[in-house]
Amino acid sequence: MKFKCKCKNIIKEIKKATIKVIDGKVRTAESLCECGEYMEEVEEEFTGFPTIHRKEPIHSMSGLVAKANESIKRNDKK
Ligand SMILES: [Zn+2]
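Conventions used here
- Residues numbered from 1 in each chain as written.
- Predicted model: local features only at pLDDT ≥ 70, side-chain atom pairs only at ≥ 80, totals over all residues.
- Helix = DSSP H or I, 4+ residues; strand = E, 2+ residues; numbered from the N terminus.
- Contact = placed C-beta atoms within 7 Å.
- Pairing = 2+ DSSP bridges.

Q: Please explain the environment of Cys-7 as it appears in this structure.
A: Considering the arrangement of structural elements, one finds Cys-7 in the loop between strand S1 (2-4) and strand S2 (11-13). In sequence terms Cys-7 and Cys-35 are 28 residues apart; their C-alpha atoms lie 7.4 Å from each other. Ignoring any residue separated from it by four or fewer positions in sequence, one finds Cys-7 in contact with Cys-33, Cys-35 and Glu-37.

Q: What is the right way to look at the pairing of strand S3 (residues 19-22) in this model?
A: A regular strand places its side chains on the two faces of the sheet in alternate fashion. Pairing between S3 and strand S4 (residues 25-28): 4 bridges, direction antiparallel. When the sheet's bridge partners are listed, Ile-19 is paired in S4 with Thr-28.

Here it is, written out as structure tokens:
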């Protein structure tokens, strides 16, 4: 998970997030910024990064679906 603070454009990668409820809001303990604010989670689709090393979950998913459909077809032919 990536977190970003409002104060600066700091992006922090947090691998093990500890979820806490602080002031009635769900926060990640590790996302506490130097400024004292909690960072907000950055969506994976966020395009602000100059380089994106993205896996293609959609492609691999459609591949799995295709394989599943194939095996279903085979079973139907029995
Ligand atoms: Zn900050």
